[in-house]
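# Residue-level structure breakdown
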Amino acid sequence: MPTGGGWAWLALTLGVYVGALRVHARYRWTRAFPPVLVTIVVVAAVLLLTGEEYEKYLAGVEPLVLLLGPATVALALPLVRVAGELRRSLLPVVAALLVGTIVGLGSVWLVALAMGEEGDVARAMLPKSVTTPVALGLAEQIGAAAPLSAVFSIVTGVLGAAVGLPLLSLLRVRDRRARGLAMGVAAHGIGTARALDEHARSGGWSSAGMVSTALLTTAVLPTAVQLLWP
Amino acid sequence: MTPARRRSDSHRSVLLHSPVSGTASAHTAPALGGRGRHWLEGLVILVAYLLLAEAVVRLLPLPVPAPVLGLALLALTLAAPRLRRRITRPHSSLATAGDGLLAHLPLLFVPAGVGVVRYGAELAEDAPFVAVALPVSLVLTVAATGLTLSALLRRQRARQRAEAALPNRTA
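As the structure is a prediction and not an experimental result, all values here were calculated from the model.

### Digging into helix α12 (residues 200-228) of chain A
Spanning 29 residues, α12 of chain A covers 39 Å between terminal C-alpha atoms, matching the ideal 42 Å at 1.5 Å per step. Maximal helix bending in α12 of chain A amounts to about 35°, located at L221 of chain A; proline P222 of chain A follows within four positions.

### Quick notes on the layout of surface pockets
Left-over empty space is what a probe sized like a water molecule reveals as it rolls over the atoms. Estimated volume of the largest pocket: approximately 1000 Å³. Among the elements of the structure, α1 (6-26), α2 (35-50), α5 (76-81), α10 (146-170), α11 (176-198) and α12 of chain A together with α5 (93-103) and α6 (105-108) of chain B are those that each provide at least two residues to the lining of the largest pocket. Broken down by element, the lining of the largest pocket gets its largest block of residues, seven residues, from α11 of chain A. Across the lining of the largest pocket, the residue classes break down as 22 nonpolar, eight polar and five charged.

### A word on the confidence of the model for chain B
Atomic detail in the predicted coordinates should be set aside for any region of low pLDDT. Residue and element names in this part refer to chain B. For chain B, mean pLDDT is 77; residues scoring 70 or higher make up 73% of the total. Of all helices and strands in chain B, the one with the weakest mean pLDDT is helix α1 (residues 3-16) (42), whereas helix α2 (residues 39-59) scores best (93). As a predicted assembly, this complex carries a pTM of 0.78 together with an ipTM value of 0.85.

### Section: the packing of helix α4 (residues 62-74) of chain A against α2 of chain B
Between α4 of chain A and α2 of chain B, whose axes approach to 9 Å, the crossing angle comes to 95°. As summarised for this structure, α4 of chain A and α2 of chain B are arranged roughly perpendicular, according to the angle between their axes. On α2 of chain B, the residues that touch G69, P70, V73 and A74 of chain A of α4 of chain A are L43, L46, V47, Y49 and L50 of chain B.

### A closer look at the interface of chain A and chain B
Every contact between the two is made by 91 residues of chain A and, on the other side, 68 residues of chain B. Of the roughly 7000 Å² buried between chain A and chain B, counting both surfaces, carbon and sulfur atoms make up 83%. Of all residues in chain A, the largest losses of buried area upon contact with chain B belong to Y54, V73 and L77 of chain A, amounting jointly to 9% of the total for that side. Seen at the junction of chain A and chain B, the total is two salt bridges. For R81 of chain A, the salt bridge identified is with D99 of chain B, shortest N-O distance 3.0 Å.

### Points about empty space enclosed by the protein
Residue and element names in this part refer to chain A. One pass over the structure, following the stated rule, counts two cavities of 30 Å³ or more. There is about 90 Å³ of room inside the second largest cavity. Lining the second largest cavity are 13 residues, with T101, G104, L105, S129 and T217 sitting closest to its centre. Elements with a contribution of two residues or more to the lining of the second largest cavity: α7 (90-114) and α12. The leading source of residues in the lining of the second largest cavity is α7, at four residues. Classifying every residue of the lining of the second largest cavity by side-chain character gives five nonpolar, seven polar and one charged.

### Observations regarding unusual backbone geometry
Residue and element names in this part refer to chain A. Backbone geometry at R172 places phi at a positive 60°, although glycine is not the residue there. Along the chain, R172 turns up in the loop between α10 and α11. Taking the relative accessible area as the measure of exposure, R172 reaches 62% and is therefore exposed. The phi angle at H188 is positive, at roughly 35°, despite the residue not being glycine. Along the polypeptide, H188 turns up in helix α11. On the accessibility criterion, H188 (0% relative accessible area) is buried.

### Comments concerning a nonpolar patch on the surface
A contiguous nonpolar patch, built from V23, Y27, W29 and F33 of chain A and spanning about 460 Å² of accessible area, is present on the exposed surface. Relative to the helices and strands, W29 of chain A is located in the loop between α1 and α2.

### Let's talk about the packing of aromatic side chains
Applying the stated rule across the entire model yields two aromatic pairs over all chains. A network of ring pairs unites the aromatic residues W9, Y54 and Y57 of chain A as a single cluster.

### Thoughts on the side chain of D175 of chain A
Tracing the chain through its elements places D175 of chain A in the loop between α10 and α11. The class of D175 of chain A is buried, set by a relative accessible area of 17%. Excluding its chain neighbours within four sequence positions, the residues that come into contact with D175 of chain A are L153 and R157 of chain B.

### Thoughts on the pattern of salt bridges
All names here are of chain A. Evaluation of the coordinates by the stated rule reveals six salt bridges over all chains. Residues R177 and D175 are paired through a salt bridge, measuring 3.0 Å at the closest nitrogen-oxygen approach. For R177, a relative accessible area of 13% puts it in the buried group.

### Observations concerning the nonpolar core
In this structure, Y57 of chain A together with L46, L74, L105 and L149 of chain B are the most contacted members of the largest nonpolar core, which totals 69 residues. Looking at which element gives the most residues to this core, the answer is α11 of chain A, with eight residues. Excluding its chain neighbours within four sequence positions, the residues that come into contact with L105 of chain B are L68, A71 and L75 of chain A. Ranked by size, the runner-up nonpolar core spans 35 residues in total, among them V108 and L126 of chain A together with L69 and Y119 of chain B.

Definitions and cut-offs
Residues numbered from 1 in each chain as written. Chains lettered and ligands numbered in written order. Predicted model: local features only at pLDDT ≥ 70, side-chain atom pairs only at ≥ 80, totals over all residues. Heavy atoms only, no water. Helix = DSSP H or I, 4+ residues; strand = E, 2+ residues; numbered from the N terminus. Expected span 1.5 Å × (residues − 1). Bend = angle between axes of the 7 residues up to and from the residue. 1 Å grid on protein atoms, 1.4 Å probe; cavity = no way out; pocket = protein on both sides within 12 Å on 5 of 7 lines; lining within 4 Å. Points joined across faces, edges and corners; volume = space filled by probe spheres on them. Nonpolar A, V, L, I, M, F, W, Y, C, P; charged D, E, K, R; others polar. pLDDT = per-residue confidence, 0-100. Axes fitted to C-alpha atoms, helices over the stretch in contact; angles between N-to-C directions. Parallel < 35°, antiparallel > 145°, perpendicular 65-115°, else oblique. Contact = heavy atoms within 4.5 Å. Buried area = accessible area lost by both parts, 1.4 Å probe. Salt bridge = Lys/Arg side-chain N within 4 Å of Asp/Glu carboxyl O. Buried < 20%, exposed > 50% of the residue type's maximum accessible area, 1.4 Å probe, protein only. Patch = residues over 30% accessible without salt bridge, like charges linked within 9 Å, V, L, I, M, F, W, Y side chains within 5 Å. Areas by Shrake-Rupley, 256 points an atom, 1.4 Å probe, with all protein chains shown as cover. Phe/Tyr/Trp six-rings, centres within 6.5 Å; stacked < 30°, edge-to-face > 60°. Core = buried A, V, L, I, M, F, W, Y, C linked by side-chain atoms within 4.5 Å.

The following block contains the structure:
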């Protein structure tokens, strides 16, 4: 838990995030800079400038880390809310989910093979479309650096939130269910926040996509890595 | 405390979007009994599922992180329609706590994200790979998922329409 100077790190993190939220809501051009990205960049810059150790920072913001557990469990709520709609189209949803997850994992693997990349970095990128708290656990299971996986997951979410919906419009995917699921499968929670912005229905389907991607990837990735990339 | 007062309290913590800042009942006795709309009760439910999942993960050799298993267990519980209606009402304690946490889910990623400061050297070394693999894989994932689902949903709707039209024609 934070002690003494640790509270300063918690205050800085919360303060920058709340400030970024306000600016984000006020000015349209800040759309491309999600508050979470701004906060990470600012806090990381302050850490580098002051030369503070990451471990000390982490001890200060431990309350936030602790809340990730119950927050992940709470992802059951948006899923349950669109459960009826999902059940009526169960087969299409499962098929799209399988295709999306296989393409997401396979493309990282293929680019790594093509570029002769065998280090930790490629392995840590595999769970990039999985919501960050789950990506952290998965990274440990496949022998990758968890903080690196977390960073890739966040960057993927931020990038997906920015380009996902325009890309789907370009491909003439207009069905809100398909738009939502694609955002959740590819860009997890940060993409879901963007999908919710567009429409509540897209948001519900996006959270379903995020949750099922987390479950599916957790189920298949450790075995797949053992077989293909020992 | 009157029921009306209690209602305004839970509204307030919904508006604040975060149970952490939801100090709605700091100056009055928190309404844990009665109709139980307090976010704290919802947080207890979430933590209880997390604990249950943690115990299951320790006992059985499941390759699943405890929070994901807790999510699955809660979703299964809520699959019962009566429980779902009671628990997912907009101002139920679980919805207040859960939606409050989810509204600021990205904030909870910041500590992990700041961890990038320790991997600066490694990332710089593999910058070309990261700059290619991540955007390419992301774009392919969005396109593959969206195109597959929209095509399959269109087919499903066409078939349902054909089935609905059929009995009319025979009658």
